[in-house]
Every structure is written in C-alpha cells, then in structure tokens.
Number of protein chains: 2
Amino acid sequence: MADTLLDRRDLAFQLYEVLDTESLNERERFSDHSRETFDAVFDTAERIAREQFASHNSLADREEPRFEDGKVTMRPEVKTAVDAYAGAGFIAGRYDYDLGGMQLPETVMTACNGFFMAANPSTAGYPFLTTAAANVIRTFGSREQQDWFLQPMLEGRFTGTMALTEPQAGSSLADLRTSAKPTDEGHYLIKGAKIYISGGEHELSDNIVNLVLARIHGAPPGVKGISMFIVPKYRLDADGNPGERNGVGLAGLIHKLGYRGTTSTALSFGDDADCHGYLVGEPHQGLKYMFQMMNEARVGVGFGAAAIGYRGYRHSLEYARDRRQGRPPSEKDPTTEPVPIIQHADVRRMLLAQKSWMEGALALCFYGARLMDDSHTHPDEAQRHQARQLLDLLTPVIKAWPSEYGPKANDLAIQVYGGAGYTREYPVEQCWRDNRLNPIHEGTNGIQAMDLLGRKVWQGNGEAIQQLFGAIQADLQKAPDEQCRQWAYSLSETLQQAGKVTQSLGQALAQEAPEKGLANASVYLRLFGHICVAWMWLRQANAASAALAGEVSAADEAFYRGKLQAAQYFFHWELPTVAQDLVLLQNQDDTCYAMRDEWF
Amino acid sequence: MADTLLDRRDLAFQLYEVLDTESLNERERFSDHSRETFDAVFDTAERIAREQFASHNSLADREEPRFEDGKVTMRPEVKTAVDAYAGAGFIAGRYDYDLGGMQLPETVMTACNGFFMAANPSTAGYPFLTTAAANVIRTFGSREQQDWFLQPMLEGRFTGTMALTEPQAGSSLADLRTSAKPTDEGHYLIKGAKIYISGGEHELSDNIVNLVLARIHGAPPGVKGISMFIVPKYRLDADGNPGERNGVGLAGLIHKLGYRGTTSTALSFGDDADCHGYLVGEPHQGLKYMFQMMNEARVGVGFGAAAIGYRGYRHSLEYARDRRQGRPPSEKDPTTEPVPIIQHADVRRMLLAQKSWMEGALALCFYGARLMDDSHTHPDEAQRHQARQLLDLLTPVIKAWPSEYGPKANDLAIQVYGGAGYTREYPVEQCWRDNRLNPIHEGTNGIQAMDLLGRKVWQGNGEAIQQLFGAIQADLQKAPDEQCRQWAYSLSETLQQAGKVTQSLGQALAQEAPEKGLANASVYLRLFGHICVAWMWLRQANAASAALAGEVSAADEAFYRGKLQAAQYFFHWELPTVAQDLVLLQNQDDTCYAMRDEWF
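Scoring rules and cut-offs
- Residues numbered from 1 in each chain as written.
- Chains lettered and ligands numbered in written order.
- Predicted model: local features only at pLDDT ≥ 70, side-chain atom pairs only at ≥ 80, totals over all residues.
- Heavy atoms only, no water.
- UniProt positions renumbered as here; feature names shortened; annotations may be inferred.
- Helix = DSSP H or I, 4+ residues; strand = E, 2+ residues; numbered from the N terminus.
- Expected span 1.5 Å × (residues − 1).
- Bend = angle between axes of the 7 residues up to and from the residue.
- Buried < 20%, exposed > 50% of the residue type's maximum accessible area, 1.4 Å probe, protein only.
- Salt bridge = Lys/Arg side-chain N within 4 Å of Asp/Glu carboxyl O.
- Polar contact = N/O pair within 3.5 Å; in protein donor to acceptor, adjacent residues only side chain to side chain.
- Contact = heavy atoms within 4.5 Å.
- Buried area = accessible area lost by both parts, 1.4 Å probe.
- Nonpolar A, V, L, I, M, F, W, Y, C, P; charged D, E, K, R; others polar.
- Least-squares fit on C-alpha atoms with pLDDT ≥ 70 in both.
- Pairing = 2+ DSSP bridges.
- Axes fitted to C-alpha atoms, helices over the stretch in contact; angles between N-to-C directions.
- Left-handed = near helix turned anticlockwise from the far one by under 90°.
- Phe/Tyr/Trp six-rings, centres within 6.5 Å; stacked < 30°, edge-to-face > 60°.
- Lys NZ or Arg CZ within 6 Å of the ring centre and 35° of its normal.

- Chain A has the name Acyl-CoA dehydrogenase in an unreviewed UniProt entry, where Halovibrio salipaludis is given as its organism.
- What UniProt records for chain A under Cofactor (unreviewed entry) is the sentence "FAD".

## Some remarks on helix α10 (residues 381–417) of chain B
The α-helix advances 3.6 residues per turn, and as a result positions three or four apart in sequence lie on the same side.
All names here are of chain B.
At step 1: The end-to-end C-alpha distance of α10 is 51 Å, a good match for the 54 Å that 37 residues give at a rise of 1.5 Å each.
At step 2: Of all the bends in α10, the largest measures some 45° and sits at leucine 394, one to four residues before the proline proline 396.
At step 3: Counting buried residues along α10, 26 of its 37 residues qualify, which places the element largely inside the surrounding structure.
At step 4: Just downstream of α10, glycine 418 is the residue with a positive phi angle, here 65°.

## Things to note about the pattern of salt bridges
All names here are of chain A.
At step 1: The full count for this structure, using the stated rule, is 88 salt bridges over all chains.
At step 2: Linking glutamate 429 and arginine 433 is a salt bridge whose minimum nitrogen-to-oxygen distance equals 2.8 Å. With glutamate 429 and arginine 433 both in helix α11 (residues 428–435) and 4 residues apart, the pair spans about one turn of that helix. Grouping residues by exposure puts glutamate 429 and arginine 433 together as buried.
At step 3: Members of the salt-bridge network, linked through shared partners, are Asp10, Lys355, Glu359 and Lys563.

## Remarks on the side chain of histidine 378 of chain A
Residues and elements named next belong to chain A.
At step 1: Structurally, histidine 378 can be placed in the loop between α9 (345–377) and α10 (381–417).
At step 2: What makes histidine 378 buried here is its relative accessible area of 18%.
At step 3: For histidine 378, the side chain forms a polar contact with the main-chain nitrogen of aspartate 380, separated by 3.0 Å.
At step 4: When sequence neighbours within four positions are dropped, the list of residues in contact with histidine 378 reads Arg27, Asp373, Gln383 and Arg384.

## Considering the interface of chain B and chain A
At step 1: Residue-level contacts link 95 residues of chain B with 95 residues of chain A.
At step 2: Approximately 7,900 Å² of surface area, both sides summed, lies buried where chain B meets chain A, with 59% of it carried by carbon and sulfur atoms.
At step 3: The interface formed by chain B and chain A contains 8 salt bridges.
At step 4: Here arginine 321 of chain B makes a salt bridge to aspartate 597 of chain A, at a shortest N to O gap of 2.6 Å.
At step 5: Taken together, the residues of the side of chain B that touches chain A sort by class into 41 nonpolar, 27 polar and 27 charged.

## Comments concerning unusual backbone geometry
Residues and elements named next belong to chain B.
At step 1: The backbone phi angle of aspartate 69 is positive, close to 50°, even though this residue is not glycine.
At step 2: One can find aspartate 69 in the loop between β1 (66–68) and β2 (71–73).
At step 3: With relative accessibility at 81%, the residue aspartate 69 sits in the exposed group.
At step 4: Non-glycine residue glutamine 103 carries a positive phi angle of around 50°.
At step 5: In this fold, glutamine 103 is placed in the loop between α4 (76–87) and α5 (106–119).
At step 6: Residue classification places glutamine 103 among the buried positions, given a relative accessible area of 12%.

## Some thoughts on the relation of the copies chain B and chain A
Two chain copies here: they are related by a rotation about an axis and a translation along the same axis.
At step 1: The operation relating chain B to chain A is a screw motion whose rotation component is 180°, with 0.0 Å of axial translation and a residual RMSD of 0.0 Å. Accordingly, the operation relating the two chain copies is best matched by a two-fold axis. For chain B, the minimum C-alpha distance to the rotation axis belongs to threonine 577 of chain B and amounts to 3.4 Å.
At step 2: In this assembly, 100% of the residues forming the interface of chain B have copies in chain A that are likewise at the interface, indicating an isologous arrangement.

## Let's talk about the pairing of strand β7 (residues 227–232) of chain A
Residue and element names in this part refer to chain A.
At step 1: Most of β7 sits inside the fold, with 6 of its 6 residues counted as buried.
At step 2: The side-chain alternation of β7 yields two buried faces, one formed by Ser227, Phe229 and Val231 and the other by Met228, Ile230 and Pro232.
At step 3: Taken together, the 6 bridges between strand β6 (residues 207–216) and β7 define a ladder with antiparallel strand orientation. Note on β7: the bridge partner recorded for valine 212 is phenylalanine 229.
At step 4: Relative to strand β12 (residues 276–280), β7 runs antiparallel, the two being bridged by 3 bridges. Directly across from methionine 228, in β12, lies its bridge partner valine 280.

## Let's talk about the UniProt feature "domain: Acetyl-CoA dehydrogenase-like C-terminal" (unreviewed entry) in chain A
At step 1: Under the local residue numbering, the UniProt record ascribes the feature "domain: Acetyl-CoA dehydrogenase-like C-terminal" (unreviewed entry) to residues 469–595 of chain A.
At step 2: Between the C-alpha atoms that bound residues 469–595 of chain A the distance is 35 Å, and the span itself is 83% helix and 0% strand.

## A short note on the packing of helix α1 (residues 8–18) of chain A against helix α2 (residues 35–53) of chain A
For any two helices packed against each other, the geometry comes down to the angle between their axes and how far apart the axes lie.
All names here are of chain A.
At step 1: Running from amino to carboxyl end, α1 crosses α2 at an angle of 140°, the nearest separation of the two axes being 13 Å. When you trace α1 past α2, the crossing you get is right-handed. On α2, the residues touching Arg8, Leu11, Ala12, Leu15 and Tyr16 of α1 are Arg35, Phe38, Asp39, Phe42, Asp43 and Glu46.
At step 2: Looking at the contact of α1 with α2, its residues break down into 6 nonpolar, no polar and 5 charged.

## Quick word on the UniProt feature "domain: Acyl-CoA dehydrogenase/oxidase N-terminal" (unreviewed entry) in chain A
At step 1: Taking the UniProt record as the reference, the feature "domain: Acyl-CoA dehydrogenase/oxidase N-terminal" (unreviewed entry) is found at residues 39–156 of chain A.
At step 2: With 67% helix and 5% strand, residues 39–156 of chain A has its two end C-alpha atoms placed 24 Å apart.

## With respect to the packing of aromatic side chains
At step 1: One pass over the structure, following the stated rule, counts 51 aromatic pairs over all chains.
At step 2: Seen in terms of ring centroids, tyrosine 85 of chain A and phenylalanine 116 of chain A are 4.8 Å apart; in terms of plane orientation they differ by 80°. Their pairing is edge-to-face. Here the residue tyrosine 85 of chain A occupies a position in helix α4 (residues 76–87), and phenylalanine 116 of chain A occupies one in helix α5 (residues 106–119), the gap between them amounting to 31 residues. Like phenylalanine 116 of chain A, tyrosine 85 of chain A is buried.
At step 3: The lysine or arginine in question, arginine 157 of chain A, covers the ring of phenylalanine 158 of chain A, its NZ or CZ lying 5.8 Å from the ring centre.
At step 4: If you follow arginine 245 of chain B out to its NZ or CZ, it ends over the ring of tyrosine 234 of chain B, 5.6 Å from the centre.

In structure tokens, the structure reads:
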C-alpha cells in the first residue's frame with residue numbers, strides 16, 4: 001500500500017464522482033481525451049513517481065546537495081528522475097500539441113503531480129519550478145524568448161527558477177533592490193542578490209533560466225517599479241545553445257530543515273562578471289507577471305502540502321494495521337494476543353483526523369484546478385470570468401489551509417507510530433520536516449491572510465464572495481438524505497454568520513486604520529478555510545450518500561462509508577471550532593493588536 | 001537576550017510572587033535556605049547552562065553520537081558539561097546533606113533544571129536520567145545498593161537509565177518478556193532486549209546503572225509479574241569499583257529526528273555473556289517502583305517541553321525585534337524605512353500565543369514541583385496526603401499539555417522567522433525537532449489521556465478532583481479587580497460544565513464498555529489541561545493586577561502589563577475553544593469510536 005502514493009480509488013472519486021472531470025472532454029481542446037486517456041496518464045505518473053522518485057526520497061534527504069569545487073553535486077538518482085518526468089512529457093503536459101504538449105486539463109495535470117509530490121517533493125521541485133517559469137514565458141515572453149528559452153524548458157533541457165526574494169526585503173517586494181541597467185545591445189545588466197532561490201544551481205540541466213525581479217534604472221520606488229527579466233546561467237550562442245557563462249554566481253547553499261533535496265540558493269547577479277538579463281513584457285509590469293506565476297505556485301504549494309500530508313496518513317494507516325500492541329481496556333487477560341493498534345480508539349481518532357483533513361484539502365485543490373480549467377477553456381466567457389474570480393478569491397485559502405493542516409496531519413502520523421515515528425528509520429518524520437516549508441514559502445500564511453481579508457474578499461465589489469456563497473448554496477440543496485441535510489444545515493448556519501462577520505469587518509476596514517481591521521486576518525483565513533473544506537466534505541458526502549443509495553460492491557460500500565465517517569469527523573470535530581473564530585472577529589478582539597513590544 | 005535561557009524576572013515572579021517559594025524556608029529541612037541562596041543557585045545553574053550546555057547544543061545535534069569500533073563516541077563538550085553539572089552538586093541537589101546533597105526544594109531544583117533544558121535538552125538528558133534512577137534506588141534500594149550505586153551516581157561517576165520498553169511491547173508493559181533467573185549467589189541472570197533506552201551507552205561515566213524491568217522465572221503474567229533490577233554495564237569489584245564487563249550489549253544506536261545528542265539505544269541483556277541483575281525491593285513490585293520514577297519523569301517531560309518551547313519563544317522575540325521588513329498596511333510610501341516585524345499584528349499574535357502557552361505551561365510545572373515539595377515536607381500529614389493526591393491527578397496533565405503546546409510554540413517561532421526559521425542556521429528548527437519527542441516518550445499523550453480519564457479522576461473516590469476544584473475556587477475568589485473577576489467568571493463557568501461532563505462520563509464508564517467511555521479520553525485531557533492552564537493564568541493575573549495596584553518601576557509595569565495581556569490572550573483566544581470539547585464529551589460523540597478499519 002505504501003507504494004500507491006495517492007489512493008487511486010479516492011482519486012477516481014474526487015475527479016469523476018465529485019468533480020465530473022469527464023465533462024471537460026466535451027470542450028474542443030480536450031476532445032481527444034477520455035477517462036481512459038486520463039487514467040493512462042495517471043498510470044504513467046504513478047509508475048514513474050514510484051520507481052524514480054519515491055525510491056530516493058529518503059536518500060536525497062540524508063545526502064543533501066553539496067557545493068564543492070565550484071559545482072553543486074547531488075545524488076545521481078535526482079537527474080534520472082527529473083529526466084524521466086520530462087521524458088514522459090509532463091513538463092509540457094498542459095501545452096498545445098504544436099508546442100509538443102499533451103493538451104491535458106489542469107485538473108488532470110494537478111492529479112498527476114500529486115503522485116510526484118507524495119513520492120518525493122524535493123526532486124519534484126525541479127520540474128515543477130520549470131513548469132511555473134515556462135508558463136510565464138509562454139504568457140508574457142516575446143516570440144523570440146519563447147523560441148530560445150521556452151522550448152528547451154518544455155523538453156527538460158533547461159530548468160527554471162523564480163528569483164524574487166532578497167535578503168534585506170524578505171516578503172516585502174516593495175523593497176527589492178536588484179537593478180537592471182539598459183544597454184545598447186538590447187539586454188540589461190543585472191546587479192543584486194537574491195536568497196532562498198530553489199533550484200538556483202545544480203547540474204541537472206544544460207541551462208538554468210532564472211526569472212528575476214529587478215528595477216530598471218530610474219524606475220519608481222515600491223512595487224510599481226519592478227520589472228521581470230530572463231537571466232540565464234549561460235548565455236545562448238547564435239544557435240540557441242548554452243555558451244558563455246553569464247554573471248550569475250552561487251553565493252552559497254542554504255541548509256534547510258526539510259525539502260533538502262531541492263537546492264536552496266543565495267545567488268549574486270553581476271558580481272564577478274556582467275550579468276545579462278532580457279526584459280519580459282513591458283517595463284515595470286514585473287509584479288503582474290510574477291503574480292501569475294505566484295498564484296499558480298500558491299495553488300501548487302497547497303496541493304503539495306496535501307499530498308505530503310496524505311502520504312504520511314497512508315504510511316501511518318499501514319503501520320496501525322500492522323503493528324500489534326496492547327489490548328482494549330476491557331480485556332484484562334494479559335495472555336491474550338495484543339491487537340493491531342488501529343483497534344485503539346485514540347489511534348483511529350488520529351487516522352480519521354488525517355483522512356478528514358487531507359482528503360478535504362485534496363478536494364479543495366482539485367476544485368481549484370478545475371477553476372483553472374474553467375477559467376481557460378469554459379465555452380462561456382461569463383463563466384470563464386467567474387471561474388477566474390473565484391479562483392482568485394480561493395487562492396490564499398488553497399495555499400494556506402492545506403499547508404496548515406498538512407503538517408498537522410504529519411504530526412499525527414508520527415504520533416500513530418509512537419517512538420518509531422520519532423526515528424529516522426521510518427518515513428513520517430521526513431514528511432513532517434518537508435511539509436513544514438509549506439506555510440512559509442510563496443508568501444507566508446500570514447501574508448495569505450492579509451491577501452484574503454485585505455484584498456480578495458472585496459475585489460470586484462465582493463462579486464467573487466457572492467459567487468462562492470452561491471456555489472456553496474447550490475451544494476447545500478443537493479444533500480440527498482437526512483444526514484447530509486444536517487451537515488448542510490450546520491454549514492449554512494456557519495456561512496450566514498461568516499457573511500455577517502465579513503460585512504462588519506468591511507465596515508471596520510472602511511472606517512478605521514487598516515492595521516486594526518486586519519489585525520486578526522489569520523483568524524478570518526482560518527474561518528474561511530474551514531468553511532471551504534466543510535463545503536468540500538459536503539460535496540463528497542453528497543456523492544457518497546447518493547452512491548450508497550444504489551447498488552455497490554462491498555469494497556465500494558466500505559469506501560463510501562469511510563467518506564461519510566470522515567465527513568462526520570469534519571462536521572462534528574472541526575467545523576464547530578470556528579465558533580471561537582467568529583466570536584473573536586465579531587468582537588474585533590484587540591488582544592494581539594494592543595500588545596506592545598515592551599510588554600513581552 | 002538569547003543567552004538568558006529562562007527569563008529571570010519571570011522566574012522570580014513565578015516562584016516568589018505567585019507560588020511563595022520563600023515560605024518553604026520555614027520548614028526545617030530548608031531552614032538554611034533563603035531567597036538569596038536560591039537565587040545564588042539559579043546564578044550558578046544559569047552560568048553553567050549558558051557556558052557549558054547552550055554552547056554545544058547545535059553542535060551536538062549536527063554531530064550526533066556514533067557507534068564505532070565497539071564504542072560510542074560523541075563531542076567532548078558533552079562530557080565537560082555533564083561533569084560541570086555534577087561538579088556543581090546538582091545531581092545531589094535535592095538530597096540530604098549527609099548524602100552530599102544541598103537539601104534544595106523540588107521547586108528550586110525544577111527551576112534550575114529549566115536552564116539546562118532550555119540550553120541543551122540532549123546533554124541535560126544524561127544527568128536528569130541519572131537523577132531519576134538515583135531517586136528510585138534511594139527510595140527502594142537496599143542499604144548495600146545505595147552504598148554501591150547511589151553514592152557514585154550522586155557524585156556523577158556513574159550515570160543511570162530507565163530500561164523499560166521492549167521492541168514487541170512498546171507502551172504495553174504487560175507484554176514485557178525480559179526474564180530474570182535467580183542464582184544461588186544472590187544476583188539474577190537477566191535475558192532479553194530493550195529499545196529506546198536513552199543514555200544506554202556512552203563513555204561519559206565510569207559505569208552505567210540500568211534500572212531494568214524483567215520477569216522472575218515463574219512470575220505471573222501481565223504487569224503483576226514485573227520486577228525491577230539494577231543491571232550495571234560493569235560489575236563492581238570488592239571495593240565498589242567498576243570491574244568485569246556485565247552482559248549488557250549495545251545492539252545499535254537509534255537515529256532520531258531530534259534530541260540527537262542523547263544516545264538512544266537498543267540494548268541486549270545476557271546475549272553474549274552472563275548478565276547480572278540485582279533485585280530492587282520486593283519481587284513483582286517493579287511496576288510500583290517504576291511508577292515513582294515514571295511520574296517524576298513525566299513531570300520532567302512536561303517541564304522540558306515548556307522550557308524548549310519557551311526558549312524558541314525568546315529566540316523568535318529577539319528576531320522579531322531585530323528584523324526589519326515591510327510596513328504597516330496604512331503606510332503606502334515605499335521609501336519609508338521598513339519596520340521591525342514585531343510591529344506587524346500577526347507577528348505579535350504568534351509571539352503572544354507562545355508567551356501565553358509557555359508561561360502558562362511553566363506555571364503549571366512549577367505548581368507541580370511545589371506539590372512535590374508539599375507531599376514530602378509539608379508539616380501537616382493531611383496536607384502532605386492532599387498534595388500527593390493532587391500531584392497524582394495532575395501528572396498526566398503536566399506531562400501532556402506542555403508537550404502538546406511546546407511543539408506548537410516552536411512551530412510559531414519558526415513562522416515568526418519565516419524562511420530563516422526553516423534553515424538550520426537559526427536555532428528554532430532544532431527546538432521544534434527536539435520538542436517533538438515530548439508528546440511521545442514516558443507514555444504517549446494518548447496514554448496520559450487514558451491514565452487521566454480511566455484512572456486518576458476516580459482515584460480515592462474522586463477526592464483529588466474535588467480538591468483540585470477547591471484549589472481553583474480559592475483562586476477565583478482572589479481576583480482583585482473587574483478584569484480578573486471576568487476571567488474568574490469564565491473559568492468558573494467552564495469548571496462547572498467540566499464537572500457535569502465528568503459526572504456523566506463517570507456514569508457512562510460505570511454502565512458501558514470502557515472502550516466507548518474512554519474513546520474520547522484525549523478530548524477530556526485537552527479540556528482538563530486548558531482549565532488548569534487558565535487557572536495558572538488567573539493566578540498570574542491576580543498577582544500582576546495586585547502588584548500594579550501599588551507603586552512599580554516602569555520596567556515592572558511593562559512586565560505586569562505583559563502578564564495581563566498574555567492572560568487575556570488565554571482567556572479570549574484559548575479557554576473558549578473548550579466549548580467544542582465539552583460538546584463532544586457531552587454527546588459522547590462516537591465518530592472515532594465507530595470508525596472501522598475497512599472504511600479507511
């Protein structure tokens with residue numbers, strides 16, 4: 001079981017029974033596809049993920065990349081795996097046939113990537129970053145840039161990075177200092193330093209294409225003066241092949257708690273040699289371009305957190321079924337055989353919490369992926385617009401909720417193992433360490449909270465949030481039986497209260513300093529996230545209940561019963577905890593806001 | 001600031017303003033002592049902890065002990081530190097003058113040990129384990145065993161271990177298989193295997209005194225047939241010096257997620273050579289003896305978790321004051337200077353949560369230490385009995401609550417640092433890894449929950465819980481002003497509901513299978529813990545409010561205001577979350593109980 005990474009039965013449920021992914025095939029872009037072709041893609045992804053990625057997940061953690069003799073060296077299995085991923089066409093999976101792509105829906109590509117994230121998030125990082133950078137060049141790069149950089153990236157010959165963060169600025173993009181000086185030859189001279197650049201140096205590809213945020217000389221201060229540049233490790237010769245070394249230097253490797261297989265680098269630009277950069281799109285529009293990449297990356301972070309969380313759950317489930325220890329409290333005879341620990345209610349609690357959190361998180365991410373598909377390919381323009389708006393609104397939630405609960409799930413996985421879970425001989429401690437990055441990178445969850453309450457909720461005059469409420473309402477109506485209707489009722493009540501709280505927060509933000517109104521943004525994000533995941537559970541419960549009303553195999557019956565029990569866990573054990581969030585928000589509790597530095 | 005480990009101002013507040021530790025000096029045993037001698041002891045502890053322990057905390061994590069050429073080698077700094085601890089008399093700190101001790105109260109020794117736990121929990125583990133084992137020999141060992149083993153342990157020449165867990169049994173002591181065969185020469189021959197034995201092998205001392213649980217041939221099955229043995233690494237010669245090697249073998253070192261400086265060993269007894277063991281006390285009484293040690297160890301685990309949690313808080317506070325990044329939401333001018341991140345409300349939230357959790361946890365542990373003192377040295381026998389009962393009741397809470405919230409605090413410390421916190425260049429990721437052991441060892445928190453709800457609450461006909469409620473009531477009455485009275489009211493309400501829920505759980509346990517009644521024991525433990533920590537915050541708030549009513553220095557005013565704000569955090573943000581626990585318990589929610597293996 002530990003080799004299956006994602007559960008194929010659950011994947012089929014999520015994609016085909018809850019989301020109706022097959023309906024995408026009615027769209028012209030996907031008309032060559034069918035459930036069979038999707039499943040064949042999953043087979044390939046699962047096989048490569050298991051054979052090439054999972055196999056060195058622990059090894060690449062123990063023997064992390066090293067910087068020696070001016071080169072970054074790492075386990076050779078990493079390159080084999082990255083090449084296999086590219087070779088199977090996954091980097092170009094979403095792209096048009098004429099770019100060498102497979103024209104696969106986002107929903108399907110997301111699910112594929114789940115196998116790799118679960119198998120080995122560190123090694124998966126390299127192609128995923130490449131995909132993210134490729135998407136930007138595809139959307140905003142010139143024709144020439146696409147020919148020179150995009151094509152080799154899609155083929156896996158070049159890899160990509162996102163070079164945003166600077167040591168002095170951290171999350172504050174307004175304070176970026178890296179500069180770009182125009183030259184007469186068309187390129188810019190880049191000068192500055194970046195930090196925490198994943199995949200910024202390695203020997204996995206012929207070239208590394210850094211997408212660098214920098215200020216053109218004379219640009220306005222703050223985020224309005226940021227431009228985006230393609231800054232390759234090697235400049236290209238006349239044939240487009242990597243030639244002369246560009247002035248991108250490795251200042252050092254950063255040693256992390258987890259995700260150790262992905263190099264995290266401090267890069268210097270233009271320190272020892274001229275560093276050529278090529279402007280992407282228009283000057284001073286870098287923030288906009290960056291946000292396309294960043295939004296995709298945020299959804300990817302949430303999904304990765306869910307996949308790692310889910311992987312830990314599956315490991316701990318397997319262990320709990322296998323490991324015999326102790327007896328039920330009523331069994332007083334110590335000569336009886338010890339029972340598998342899954343028979344202890346508290347162990348089931350820890351397993352059910354993991355299942356409920358992570359299958360809820362996966363559902364949320366798949367929902368987000370479907371919104372991407374709809375925003376790109378829905379035949380109706382109004383629907384495309386709505387999907388885009390809703391995705392915008394949900395992006396901070398999709399990033400933050402799974403990345404809060406993924407590490408919590410991994411924490412419980414360790415606890416199920418007990419002492420064994422604390423050793424490096426079992427896989428769950430690495431899951432926990434790897435997953436801990438997710439609440440931090442691509443915008444900390446505190447920043448997601450500010451994005452949600454400070455911006456997203458009010459965008460388009462609150463249209464998106466109305467749309468969200470409408471979408472939830474539609475699923476409330478679909479509850480097929482009394483149990484689902486009860487859960488629908490709980491969700492509906494919570495939704496109403498959340499609506500009121502949102503209104504009063506809106507008034508506060510209009511009247512008071514934003515410092516105060518946004519002080520509890522994290523609480524709002526938690527409330528919002530819990531509502532969304534409860535909604536995802538209602539959708540799953542509706543589907544499971546409907547299926548159980550018909551004839552099902554014994555295996556399917558157990559599967560659907562498990563879905564209903566996990567839904568019940570969420571509605572009994574999780575959703576009610578937002579009562580406290582609602583109170584804090586209603587009262588505009590100022591405990592944290594009013595705390596002073598000198599009182600600590 | 002990072003060098004102060006515990007905050008001396010807070011320590012003085014907890015010990016002298018909340019607990020009235022000085023009143024202990026009225027007892028004959030402590031009559032040589034005064035606040036001045038206690039503070040001098042703290043000075044020594046703090047100095048040694050800073051200079052000898054904190055200085056190699058990270059180093060001993062990076063270069064963990066290794067098993068080479070039949071020997072365990074580790075950083076030399078560990079031995080220097082352990083020797084300094086023993087040399088300053090701390091192992092014998094609690095003991096009578098005539099044993100070479102200092103006759104220090106438990107409260108004071110606990111506080112001392114906090115410096116070492118905060119500085120370097122792995123290295124502190126060696127003398128702490130020695131103390132725990134020494135206490136058992138002191139209480140239950142024969143005069144001869146005390147002469148031969150206790151004395152060198154108190155001097156630091158011998159170290160100690162607790163060898164309980166076996167690979168096949170884990171937490172289930174009933175399933176221990178290690179055997180003890182009587183011989184004509186007085187000793188027993190021990191045969192078996194133990195796992196996760198901390199400090200089971202090293203070169204730090206002349207001898208290692210393992211306290212081993214084993215079954216004498218013919219003993220009854222289950223926990224009733226367990227005896228305790230002293231099993232030294234080296235047998236003693238006629239002069240009491242380590243002589244011939246005893247048949248204790250190192251089967252292997254276990255590599256852990258954290259706490260890496262403490263060797264965790266798999267030991268074999270009697271595999272390659274005869275293994276002599278010396279019976280402690282009476283046959284088949286091992287469980288009772290073990291539980292004295294275990295209860296002390298559990299309180300120690302809780303305190304260690306609080307100390308590591310607190311250390312991470314202090315690091316992150318220092319970082320938040322130092323690190324400038326971003327601007328308040330209302331500051332739209334990007335050319336202004338970035339602010340220290342402590343000015344962001346969400347950072348203050350994460351700091352305040354850490355402060356509130358960890359100072360609450362520390363208060364709970366100090367309260368437990370005071371109960372130890374009262375159970376040993378209160379002049380009134382009835383009071384000694386009551387203190388013992390209350391300590392018994394609170395032990396699972398003191399173990400579990402800090403060990404749940406300590407790692408959570410460290411998690412927030414990482415988040416305050418952001419990307420930097422995820423790197424191994426900053427200390428908080430190690431705190432988080434080290435602290436993750438605490439919910440697992442000395443009885444997982446699930447086992448603590450069963451101990452609390454399955455046993456402790458009902459002991460002595462519920463006398464202890466009545467006593468606890470009485471002690472809380474007394475502090476509710478002492479609220480000196482309106483704010484404290486409001487908090488007292490909240491606590492009182494929660495307490496009443498908890499009382500009702502306890503009654504109904506008692507009825508359920510009397511009527512139904514214990515499997516069902518105990519299924520939500522972890523929820524009960526959480527409720528119980530939150531009530532206890534809220535109580536600790538009311539006590540601190542009462543003291544702070546009373547002090548603020550008089551004349552105080554500016555520094556003290558800030559200190560007391562911080563206490564009140566942290567109390568407010570607990571009463572506004574934490575205590576209300578038990579509403580959900582109460583509902584689950586009142587409904588005897590069976591979501592986890594009813595979940596079936598095949599539904600996962």
